[in-house]
Amino acid sequence: MAAVLFISVFLIAACGLIYELIAGTLASYLLGDSVLQFSTIIGAYLFAMGIGSWLTRFIHRGLVSRFITIELMVGLVGGFSSSILFLAFTYVQGFRILLYGLVILIGILVGLEIPLLMRILKERFAFGELVSNVLTFDYLGALGASLLFPLLLVPRLGLVRSALLFGIVNAGVALWSTFLFKPHLPNPAWQRGACAVVLALLCGGMAGAGRITDTADAALYSDEVILSLSTPYQRIVVTRWKDDFRLFLNQHLQFSSKDEYRYHEALVHPGLASLPGARRVLVLGGGDGLAVREILKYPAVESVTLVDLDPEMTRQFASHPLLAGLNQGSLRSSKVKIINADAFPWLEASAELFDFAVVDFPDPNNYSLGKLYSTAFYRLLLRHLSDHGLAAVQSTSPMFARQSYWCINETLKQAGFQTRPYHVYVPSFGEWGFVLGSRHGWEMPARLPPGLKFLEARYLHSMFEFPPDMGPVAVEPNRLNDQTLVRYYDREWREIIR
Amino acid sequence: MARDHPLTRRDLTFGIVGLASKSPDAIQGALANESVDMGHRIRDHARFQTPAETRRVPLVIVGGGIAGLSAAWRLDKRGFRDFVLLEMESEVGGNARWGRNEITPYPWAAHYVPVLGKGPALVRELFEELGILKNGQWDEHYLCHSPQERIFIHGRWQEGLPPQTDHQQWERFEALTGELRQTGCFTIPMEQGWRKCGARERALDRMSMEEWLAANGLHSPEVRWYANYACRDDYGASSAATSAWAGLHYFASREPDDKGPIVQPQGNGWIVQRLEEKLRPHIHRGRMVYRIVKRGAGWQVFTEQTRFDAQAVIFAAPTFLGAWLIDPAPPKYPLEYSPWLTANLTLERWPEEQDTEPAWDNVIYDSKSLGYVVATHQSLKVHQRRTVWTWYHSFSEGSARDQRRLLLGGDWSYWKEFILRDLERAHPDIRACVSRVDIMRLGHAMPRPGPGAMFAAVPSSHAPSLFFANSDVSRLPLFEEAQYRGVAAAAAALRLLGRA
């Protein structure tokens, strides 16, 4: 009997320490500065335990059933603590308030445990022996937990499952107590029912945790994930909510099937419709085949060369039934040649000329990508355009990243392009910008191909007008040796996110 | 399609999920370009084979580093083709030597040439000829791409060098070096300004860089760290062992807003490669000169294969070797030479980084070593899975002789551990990334311009038909100095031979 009781103490102590370690680890992972996070979490937790111990003085009756209730609460709150924090970090503002709130709540509950247990046990043991035994097992539990946590739990189970596992241990101690202290309980069946519910919740969480820890997607994408792939280049995720498909590359939204037509019609048609003689088209980036879908609306186009780094991306969008449906099978057209290569070196090695080029790279949020927006790159691009050729360049948002947008325009100019900047509203992104570049200028097309959902020839001109809050600003061009664009972009999005 | 946002909370969350541990496989590697034994054969007066053949040639260039190659470049350009260039190693290049593996070419030592506002005329001439300077515009592909430099300090990477939190002290430092720039005494090449130096500037050579900082109230740890780093990086000597004149030359000879340096994967090796292509017929590799003897008005230059009978010799090897090779011997070269250790690390993947990107030049604050440059930095690829890092270490404390013993005392596995431990401070998972560490030990990498060195006499010409051309004649181990001395020696030789 005595041994069984002290094993409970051992387990409770271990659980208490685990929740504290999980909170500290999560906070350092997510917020950085581990010294600060661990210090403040340990401080808050110990302080809260003190509050808990102090609160026990107000508990006079029904010690055992209170103890069981507290165990269940610790199990529930502690068990789900890391799931809650992971999800909250992605979706909720005021993450720190939630973090410290949870730490203090768990701390108070854990602080209640040992004093209550000692009072329950005080009739069975001499005081000296009791204090000695309880504290011994308390500290032993702490030692066990602190060794288990880094060596076994974090590497094998991860944070979400570790918390849930120890939640189950807490609830297990509660259930066990209903048998141990049966004589002290007025209604043990009711208590056992509560234990069963909590255990079921935690086990359910354990089963569902797979989604959080294995892919992390389920936690971060609220919609159904229909494709999730890690390639050497990126992580590709496609989600579906009713008939809205969304593509995420490295967690950044690339399109929503609800409104992508606005983006792709704007990207392709103002340029290509003005070139009735265009035969050969180049697409850089755009492995989703959506720009190619628009290009194939011109029967005169004889070949489309698509250069995308990631073979998995083009393979999925050519063969996955749902995804190929989005681009209407454009990547399987006999006119389309798919090349999986890094665009800059590929273009350097190529001798081909194109009448129209679509440049649709990810936004310049790092220096590697910034090279694809440099004067050197655009000079190379210009050399691959036929005399009357045009290039349409996706150019970030003139609204949210105004300097970045005008920097791309300026860089194209420095590289020898005549430019025509324009923009369009895409609900899932906001105002989005493009730049048309040419050698000899561009004339607005009088007609567009039939069957477009968004563009009409008579409204084209409005896309080329910029209201004052998106108008040109003075910027430095983006050069390989001085990537101003990446700095503009970083600063501007930082401001938005803040 | 393309919208994306800078680092978000989601990225961080994914960063954690992606943390995977991989057990490091055994790291391969070797000591590379070892020529210690060859050099020591001369020191120890070993017996050399008497050459079987004799060849008459008006001019011999001894040494195929930048100085020797530049001399040859100038001779060839002046239409003079009657000369040979003798290189001891299997490859030319000297301190601009380079190597290559299946990933990329990489440097073994010198890895950049600064671009100065207008730049020294000779450097401009060469770069125009090599096609990277056209109508005053530098070819963007050759200028160091962004991000150029970063420093690991207080546990994180910070873009740019040096750390600048003590603003007042930095302003003072810049004001003082700006004043020195105005004197016109600090130039590249150094000879021109050096001749014009007044008493005040000459006095700078009598104190160490560290003493100069203290005398000018520059006590900020950051400024002192940076000055020390610059001395260790440029001269292989600590700021306490560097002449203040030399230490300040680095700052006072350049405009603060110079466009970033000329950089290629193989460091300055690309210049070697291009010069070698032009000059191939003259270059004899693997030919160690073991004796140069004066005979009448001319010289006999001995290699184990051939004795060259020449009217004139351009001695472009390190000048201190002259005392061992030349008869009659020139005065002893007065400066010590710093030992260096460089290494090329082959990485199968990049170390994990959370929110930062590798720069070209990556420096670890308070490290005893100098950091590393990334050979694939100039690549135009967005995705570069494997790479090569060139890591540098100069032995800048204590006597060069003792440090040389330390350098040669360590074998490959000793230095490999040393290197990985240094990098581990900034990249905890470096061992899991590296598959090879190739190490080069350079016993006499460059002269140390200690206090008094800049105005001490060096053997410039003790015989009218032998010309010293190494950059150590300038006492500053710079590409520009090597080129300038090589070209000057070529011009002098042409005058002597009546071909000017």
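Predicted, not measured: the structure shown is a model, and the values here were computed from it.

Each value, and the rule that gives it
Residue numbering note: each chain is counted from 1, following its sequence as written. The lettering of chains begins at A and the numbering of ligands begins at 1, in the order of writing. Only residues with pLDDT of at least 70 get local features here, since the model is predicted, and only at 80 or more are side-chain atom pairs given and counted; chain-wide, interface and lining totals rely on the full set of residues. Excluding hydrogens and water, the side-chain values take into account all heavy atoms of the structure. Put simply, DSSP H or I for four residues or longer makes a helix, DSSP E for two residues or longer makes a strand, and each gets a number counted from the N terminus. As defined in this context, the radius of gyration uses C-alpha atoms, and a globule is described by 2.2 Å times the residue total to the power 0.38. Only protein chains enter the accessibility calculation, which uses a 1.4 Å probe; a residue whose area is less than 20% of its type maximum is buried, one above 50% is exposed, and one in between is partly exposed. The contact criterion used throughout is that any non-hydrogen atoms of two residues lie within 4.5 Å. For every accessible area listed, the method is Shrake-Rupley and the probe measures 1.4 Å; residues are considered covered only by the protein chains on display. For this count, His and the chain ends are skipped, Lys and Arg are scored as positive, and Asp and Glu as negative. The atom standing in for a charge is NZ when the residue is Lys, CZ when it is Arg, CG when it is Asp and CD when it is Glu. Only when DSSP finds a minimum of two bridges between them are two strands counted as paired. Inter-axis angles, ranging from 0 to 180 degrees, are taken between N-to-C directions of lines fitted to C-alpha atoms, where helices are fitted over the stretch in contact. Geometry of aromatic contacts follows a simple scheme: Phe, Tyr and Trp rings, the Trp one being its six-membered ring, pair when their centres are within 6.5 Å, and the pair is stacked under 30 degrees between planes, edge-to-face over 60, tilted otherwise. The cut-offs work like this: below 35 degrees is roughly parallel, past 145 is roughly antiparallel, 65 to 115 is roughly perpendicular, and the gaps in between are oblique. Three residue categories are used. Nonpolar comprises Ala, Val, Leu, Ile, Met, Phe, Trp, Tyr, Cys and Pro, charged comprises Asp, Glu, Lys and Arg, and polar comprises the others, including Gly. Should the near helix be turned counterclockwise from the far one by less than a right angle, the crossing is left-handed, whereas a clockwise turn marks it as right-handed. Each residue carries a pLDDT score, the predictor's confidence in it, ranging from 0 to 100. All domain edges in this entry derive from an automatic or database-based domain assignment. Within 3.5 Å is the distance limit for a polar contact, defined as a pair of N or O atoms, with the added protein rule that one can donate a hydrogen and the other accept it, and that residues adjacent in sequence qualify only through two side-chain atoms. Two cysteine sulfur atoms form a disulfide, by the criterion used here, when they sit within 2.5 Å. Patch criteria: residues need more than 30% relative accessible area and no salt bridge. Like-charged residues are merged within 9 Å; nonpolar side chains of Val, Leu, Ile, Met, Phe, Trp and Tyr are merged within 5 Å. Any Lys or Arg side-chain nitrogen found within 4 Å of a carboxyl oxygen on Asp or Glu counts as a salt bridge.

## A short note on the overall build of chain A
Across its full length, chain A carries 17 helices and 11 strands. Expected size for 498 residues packed as a compact globule is a radius of gyration near 23 Å; at 31 Å, chain A overshoots this value by more than 25%. In terms of principal-axis extent, the alpha carbons of chain A reach across some 100 × 45 × 40 Å. Counting the 498 residues in chain A, one finds 56% classified as buried. Nonlocal contacts in chain A, meaning residues at least 24 apart in sequence, comprise 71% of its contacts between residues at least 6 apart. Summing over all exposed atoms, chain A offers an accessible surface of approximately 20,500 Å²; the carbon and sulfur share of this is 60%. Charge centroids of chain A, computed over 41 positive and 40 negative side chains, lie 5 Å from each other.

## Here we look at the sheet that holds strand 9 (residues 385-394) of chain A
Note on sheets: strands pair through backbone hydrogen bonds, and any given pair is parallel or antiparallel. Residues and elements named next belong to chain A. Spatial ordering of the open sheet is given by 7-6-5-8-9-11-10, a layout of seven strands whose pairing is mixed. Each edge of the sheet is formed by a strand with only one pairing partner; in this case those strands are strand 7 (336-339) and strand 10 (418-426). Each adjacent strand pair in this sheet contributes to an overall mean axis angle of 15°, direction not counted. In terms of strand pairing, strand 9 meets strand 11 (residues 430-438) through five bridges, oriented antiparallel. Each residue of the ladder has a partner; that of A392, found in strand 11, is L436. Strands in contact with helix 15 (residues 402-414) are strand 9, strand 10 and strand 11; relative to strand 10, the strand with the most contacts, it is inclined by about 155°.

## Here's the deal with the packing of aromatic side chains
Following the criterion strictly, the structure yields 48 aromatic pairs over all chains and no others. Seen in terms of ring centroids, A:F361 and A:F377 are 5.8 Å apart; in terms of plane orientation they differ by 70°. Their pairing is edge-to-face. With A:F361 in the loop between strand 8 (354-360) and helix 13 (367-370) and A:F377 in helix 14 (residues 375-383), this residue pair connects regions lying 16 residues apart in the sequence. Exposure remark for A:F361: the relative accessible area of 5% places this residue in the buried category. Judged by relative accessible area, A:F377 falls into the buried class, the value being 0%. Arranged with centres 5.8 Å apart and planes meeting at 20°, the rings of B:F127 and B:W270 form a pair that is stacked. With a gap of 143 residues between them, B:F127 in helix 4 (residues 121-129) and B:W270 in helix 11 (residues 269-279) connect regions that are remote in the sequence. Using a relative accessible area of 4% as the deciding quantity, one classes B:W270 as buried. Every member of this aromatic cluster is reached through a ring pair, and the members are B:W170, B:F173, B:W212, B:W225, B:Y226, B:Y229, B:Y250, B:F251 and B:Y365.

## Describing the packing of helix 3 (residues 66-77) of chain B against helix 4 of chain B
Two packed helices can be described by the angle between their axes and the distance between those axes. All names here are of chain B. Contact geometry of helix 3 with helix 4 gives a least axis separation of 13 Å together with a crossing angle of 70°. The orientation of helix 3 relative to helix 4 falls into the category roughly perpendicular. Along the contact surface, helix 3 presents W73, R74 and K77, while helix 4 presents L122, E125, L126 and E129. A class-by-class count of the residues in the contact of helix 3 with helix 4 yields three nonpolar, no polar and four charged.

## Structural notes on unusual backbone geometry
Residue and element names in this part refer to chain B. Cis geometry marks the peptide bond from S146 to P147, where omega comes out at -10°. Locating P147 in the fold gives a position in the loop between strand 7 (137-138) and strand 8 (149-153). For N33, which is not glycine, the phi torsion reads 50° and is therefore positive. Mapped onto the elements of the fold, N33 is located in the loop between helix 1 (9-17) and helix 2 (36-43). Despite not being glycine, R475 shows a phi value in the positive range, around 70°.

## What about the packing of helix 14 of chain A against helix 15 of chain A?
Residues and elements named next belong to chain A. Where helix 14 contacts helix 15, the two axes come as close as 8 Å, and the packing angle between them is 55°. On the basis of the axis angle, helix 14 is oblique to helix 15. When the axes of helix 14 and helix 15 are compared, the crossing they make is right-handed. Mapping the contact onto sequence places T375, Y378 and R379 in helix 14 and I408, T411, L412 and Q414 in helix 15.

## Considerations on the confidence of the model for chain B
Confidence in the prediction of chain B, expressed as mean pLDDT, is 90, and 93% of residues score 70 or more. Under a pLDDT of 50 for its full length, residues 1-24 of chain B has, in the predicted model, 82 contacts with residues more than four places off or in other chains.

## Some points on the domain arrangement of chain A
Under the domain assignment used here, chain A contains domain 1 (2-217) and domain 2 (260-497). The distance between the C-alpha centroids of domain 1 of chain A and domain 2 of chain A comes to 54 Å.

## Details of the side chain of B:Q384
Residues and elements named next belong to chain B. Note that Q384 resides in the loop between strand 18 (371-374) and strand 19 (387-394). A distance of 3.0 Å separates the side chain of Q384 from the side chain of S379, its partner in a polar contact. Sequence-distant contacts of Q384, that is, excluding residues within four places in its chain, are made with W350, T376 and S379.

## Concerning the sheet that holds strand 19 of chain B
Residues and elements named next belong to chain B. The seven strands are arranged 9-8-17-18-19-16-20 in an open sheet whose pairing can be described as mixed. At either end of the open sheet lies a strand with only one pairing partner, and these are strand 9 (156-159) and strand 20 (434-447). Taken over all neighbouring pairs, the strand axes of this sheet differ in orientation by 20° on average, direction set aside. Two elements, strand 18 and strand 19, share four bridges in a ladder whose sense is antiparallel. Of the residues in strand 19, the one forming a bridge with G371 is Y392. Contacts between helix 13 (residues 400-409) and the sheet are confined to strand 16 (337-347) and strand 20, with strand 16 contributing the most and set at about 30° to the helix.

## Observations concerning the confidence of the model for chain A
Chain-level statistics for chain A give a pLDDT mean of 89 and a share of 95% at 70 or above. Low pLDDT, under 50, characterises residues 213-219 of chain A; the predicted model gives this stretch 22 contacts beyond four residues in sequence or across chains.

## Let's talk about the state of the cysteines
Residue and element names in this part refer to chain B. Using the criterion set out here, one finds one disulfide over all chains in the structure. Two residues, C185 and C197, share a disulfide whose sulfurs are 1.8 Å apart. Looking down the S-S bond of the C185 and C197 bridge, the torsion is 60°, so its handedness is right-handed. Taken together, the residues C185 in the loop between helix 5 (167-183) and helix 6 (190-196) and C197 in the loop between helix 6 and helix 7 (199-204) connect sequence positions 12 residues apart. On the basis of relative accessible area, C197 is assigned to the buried category, the value being 7%.

## Let's talk about a nonpolar patch on the surface
A cluster of nonpolar side chains, contributed by A:L140, A:L143, A:L147, A:L148, A:L151 and A:L152, occupies part of the molecular surface with about 540 Å² of accessible area. When you line up the elements, A:L147 lands in helix 5 (residues 127-180).

## Let's talk about the pattern of salt bridges
All names here are of chain B. The final tally for this structure, using the stated rule, is 37 salt bridges over all chains. In this structure, R285 and E91 form a salt bridge, with 3.2 Å as the shortest nitrogen-oxygen distance. On the criterion of sequence distance, the pair formed by R285 in the loop between strand 10 (283-284) and strand 11 (291-295) and E91 in the loop between strand 3 (83-86) and strand 4 (98-100) is long-range, its members being 194 residues apart. The partner of E276 in a salt bridge is R285, and the shortest N-O contact between them spans 3.2 Å.

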